[in-house]
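Each chain, written out:
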Amino acid sequence: MKVKEIASHIGRLLREAFGKGPQSIFVNISRPFIVIYLRNFLSPTEKILLQQNITQENQNKSKLLQAEKLTAVGQLAASIAHEIRNPLTSLKGFIHLIEQAVSGVSKSYFEIMKDELKRIELITSELLYLAKPQAQEFKDEHIGQIIQDVILLMGSQALMNNVELRTSRLENLPVVHCVGAQLKQVFINLIKNAMEAMPDGGAIDIVASRPSADMIVIQVRDEGKGISGIPQELISKIGSPFYTTKENGKGLGMMATQQIIFYHKGTLEISSREGEGTTIHIALPAL
Ligand SMILES: Nc1ncnc2c1ncn2[C@@H]1O[C@H](COP(=O)(O)OP(=O)(O)O)[C@@H](O)[C@H]1O
Ligand SMILES: [Mg+2]
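Attention in this report is confined to the structure presented alongside it. (Residues numbered from 1 in each chain as written. Chains lettered and ligands numbered in written order. Predicted model: local features only at pLDDT ≥ 70, side-chain atom pairs only at ≥ 80, totals over all residues. Heavy atoms only, no water.)

**Observations regarding the overall build of the protein**
For clarity, the threshold we go by: Per the convention used, a helix needs a DSSP run of H or I reaching at least four residues, while a strand needs a run of E reaching at least two, with both numbered from the N terminus. Here's how the labels work: a residue is buried when its accessible area is under 20% of the maximum for its type, exposed when over 50%, partly exposed in between, all with a 1.4 Å probe on protein chains only. We call two residues in contact whenever any of their non-hydrogen atoms come within 4.5 Å of each other. All accessibility values rest on the Shrake-Rupley procedure with a 1.4 Å probe; residue burial counts only the protein chains present in the view.
Secondary structure assignment for the protein yields 7 helices and 9 strands. Looking at the 287 residues of the protein, the share that counts as buried comes to 36%. A fraction of 65% describes how many contacts in the protein between residues 6 or more apart in sequence connect residues 24 or more apart. Looking at the protein as shown, the accessible area adds up to about 17600 Å², and 56% of this sits on carbon and sulfur atoms.

**Quick look at the packing of helix α5 (residues 180-196) against helix α7 (residues 253-263)**
Rules: Here the axes come from fitting lines to C-alpha atoms, over the contacting stretch only for helices, and the angles between their N-to-C directions go from 0 to 180 degrees. If you view the pair so one helix is near and one far, a crossing is left-handed when the near helix is turned anticlockwise from the far one by less than a right angle, and right-handed when it is turned clockwise.
Where α5 meets α7, the closest approach of the two axes is 9 Å, and the angle between their N-to-C directions is 145°. Every pair of crossing elements has a handedness; the one defined by α5 and α7 is left-handed. Residue-level contacts link Gln-182, Leu-183, Gln-185, Val-186, Asn-189, Leu-190 and Asn-193 of α5 to Gly-253, Met-254, Ala-256, Thr-257, Ile-260 and Ile-261 of α7.

**Focus: the pairing of strand β8 (residues 267-273)**
Put simply, the rule is: At least two bridges found by DSSP between two strands are what make those strands a pair.
Every second residue of β8 is oriented toward a common face, the buried set being Leu-268, Ile-270 and Ser-272 and the non-buried set Thr-267, Glu-269, Ser-271 and Arg-273. Bridging between β8 and strand β9 (residues 277-285) involves 7 bridges; their strand directions are antiparallel. Along β9, the bridge assignment pairs Ile-270 with Ile-280. In this antiparallel pair of consecutive strands, β8 and β9, the connection spans 3 residues, and Gly-275 shows a positive phi of 80°.

**Concerning the site of ligand 1**
The condition is simple: Each residue is tested against the molecule or strand, and it is near if at least one of its non-hydrogen atoms lies within 4 Å. Distance and chemistry together define a polar contact, namely a pair of N or O atoms within 3.5 Å, with one atom able to donate a hydrogen and the other to accept it when in protein, and with adjacent residues in sequence counting only for side-chain atoms on both sides. Whether a set of points on the 1 Å grid over the protein atoms alone is a cavity depends on a 1.4 Å probe fitting there but being unable to get out, while an open set qualifies as a pocket with protein on both sides within 12 Å along at least five of seven lines; lining residues are those with an atom within 4 Å of a point. Think of it this way: a molecule belongs to a cavity or pocket when more than half its atoms come within 2 Å of the grid points there. Charged residues are taken to be Asp, Glu, Lys and Arg, nonpolar residues to be Ala, Val, Leu, Ile, Met, Phe, Trp, Tyr, Cys and Pro, and polar residues to be all remaining types, Gly included.
The environment of ligand 1 is made up of 19 residues, and the closest members are Asp-222, Thr-244, Thr-245, Lys-246 and Met-254. A distance of 2.8 Å separates a nitrogen atom of ligand 1 from a polar side-chain atom of Asp-222. Contacts to ligand 1 include Met-254, whose backbone N or O atom sits 2.8 Å from an oxygen atom. Look at ligand 1: alone it shows 530 Å² of surface, and the protein chains cover 93% of it. Under a 2 Å grid-point criterion requiring more than half of the atoms, the pocket assigned to ligand 1 is the second largest pocket. Counting only elements with at least two residues in the shell around ligand 1, the list comes to α5 and α7. The element best represented in the shell around ligand 1 is α5, accounting for 3 residues. Among the residues forming the shell around ligand 1, the class breakdown is 8 nonpolar, 7 polar and 4 charged.

**Describing the packing of helix α4 (residues 143-160) against α5**
Here is the rule: Working rule for angles: under 35 degrees goes down as roughly parallel, over 145 as roughly antiparallel, 65 to 115 as roughly perpendicular, anything else as oblique.
Relative orientation of the contacting elements α4 and α5 amounts to 40°, with a least axis distance of 9 Å. Considering their axes alone, α4 and α5 lie oblique with respect to each other. Remark: the crossing between α4 and α5 carries right-handed chirality. Contacts between α4 and α5 involve Ile-143, Ile-146, Ile-147, Asp-149, Val-150, Leu-153, Met-154, Gln-157 and Ala-158 on the former and, on the latter, Gly-180, Leu-183, Lys-184, Phe-187, Ile-188, Ile-191, Lys-192 and Met-195. Here the contact of α4 with α5 is composed, by residue class, of 12 nonpolar, 2 polar and 3 charged.

**Regarding the pairing of β9**
Burial runs high along β9: 7 of the 9 residues are buried. With 7 bridges joining them, strand β7 (residues 215-222) and β9 adopt antiparallel strand pairing. By the bridge assignment for β9, Gln-219 is matched with His-281.

**Here's the deal with the sheet that holds β8**
Taken in spatial order, the 5 strands line up as β4-β6-β7-β9-β8 in an open sheet, and their pairing is mixed. The sheet is open, and its two borders are formed by β4 (163-168) and β8, each paired with just one other strand. Mean inter-strand twist for the sheet, computed between neighbouring axes without regard to direction, equals 15°. Across the sheet, α4 lies against β4, β6 (202-212), β7 and β9, angled at about 165° from β4, the strand it touches most.

**Details of the packing of aromatic side chains**
Definition in use: Each Phe, Tyr or Trp ring (for Trp, its six-membered ring) is paired with any other whose centre lies within 6.5 Å, and the angle between the two planes then decides the class: stacked below 30 degrees, edge-to-face above 60, tilted in between.
Within this structure, the stated rule accounts for 1 aromatic pair. Their ring planes at 50° and their centres at 5.4 Å tell us that Phe-262 and Tyr-263 sit as a pair that is tilted.

What is shown is where atoms sit, not what they do.
Here you go:
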């Protein structure tokens, strides 16, 4: 059956169910959503409520689609990365040996080769995080400690970039069932992006809150002076494979981050304001 026919079918069924004239209901299908326009027979408030429900439904569907996409791409990427790592190790070893053995070849050639290999290695390690952490052990870990460890790790890089890492309410945070190394990677990715958004320096705030007993929310906020926040229409693109606005970006960090949060049954949201900066909100189930 054609999409148009399905739409008109649904429209007819609804009109029958509501018992209203044919002018009042329009159905439009543009995959993956079905949008139903209801005209002139609901009170304004009812109309709004219904539209909200439909919006919520659309959001759920698009989240599900995104999750499926992430799983498929993630598995593929991780298996490719895995395959690349072994030959990479032998290449590194042999380049090291040749460097010792030959003369008359400019040292800078070796430096370039080693730098490029390092870059491949970095990309593969980022891709490996896209795999389902089934092989890795989930443990009960203190989320506060995980964040403190990351701040310690990123401290010198932040200092060099004139960025202040500030935390608040990190004491007495709950335990989270997680793969600690992966959650660390999430915060490393977010802090790196926040730093890169502030080339002239600034402050990054990492703020925790507990909206309910079984949930912990961590926000990573930057002042994004450098790029004045993210334009609204671009926010939805963030996290798509290879989406980057940076000259030397790889566009994998946010995808890996979303993937990890997804496997931890959490959610990730991005909010950004022109001239003010960006906040990444992460919610995780707490124990
Ligand atoms: N804190 C942030 N402020 C501004 N833009 C951001 C921020 N975090 C992510 N982005 C945008 O999302 C894109 C994708 O990020 P990411 O997946 O980490 O890849 P990369 O950092 O390699 O570009 C970035 O290129 C940038 O445009
Ligand atoms: Mg990044």
